Amino acid sequence: MRKDMINDAAEMLEAAGVKNIRTYDNGSYPGMAIHEMGTARMGNDPKTSVLNKWNQIHDVKNVFVTDGSCMTSAACQNPSLTYMALTARAAEYAVESLKKGDL
């Protein structure tokens, strides 16, 4: 797959008028080119998920998980902005819960 991507990229650059294109492949190993995700699924049922819809652990209400572990799949885009949005959302929920005395 990497070889195809390299060749396709070179073809696109050539079609755009780029000259003297040199491709390379530095190889790949687990964790180098992916965003590690999964293992703490969000859901409504504590029997099938670790986190509720607020990224709060079902059985430990004062713990929120807002990294990639709550996401069970990934697309090709960088998920960093999604992590930031999940964190802001969870933090807002935690603050409101603290004010109400629920946390």
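**Student:** Please set out the pattern of salt bridges residue by residue, giving values where relevant.
**Tutor:** Inspection of every chain in the model, using the stated rule, returns two salt bridges. Between Arg 2 and Asp 25 there is a salt bridge; the shortest N-O distance is 3.1 Å. Placement of the pair is Arg 2 in helix 1 (residues 2-15) and Asp 25 in the loop between helix 1 and strand 1 (56-57), with a sequence separation of 23 residues. The salt bridge involving Glu 96 is made with Lys 99; its shortest N-O contact spans 3.8 Å. One end of the pair is Glu 96 and the other is Lys 99, both in helix 2 (residues 80-100) and three residues apart, which spans about a single turn. Under the relative-accessibility criterion, Glu 96 is labelled partly exposed at 37%.

Reading guide: rules and limits
- Residues numbered from 1 in each chain as written.
- Predicted model: local features only at pLDDT ≥ 70, side-chain atom pairs only at ≥ 80, totals over all residues.
- Heavy atoms only, no water.
- Salt bridge = Lys/Arg side-chain N within 4 Å of Asp/Glu carboxyl O.
- Helix = DSSP H or I, 4+ residues; strand = E, 2+ residues; numbered from the N terminus.
- Buried < 20%, exposed > 50% of the residue type's maximum accessible area, 1.4 Å probe, protein only.

Any functional reading would require information beyond the geometric quantities listed.
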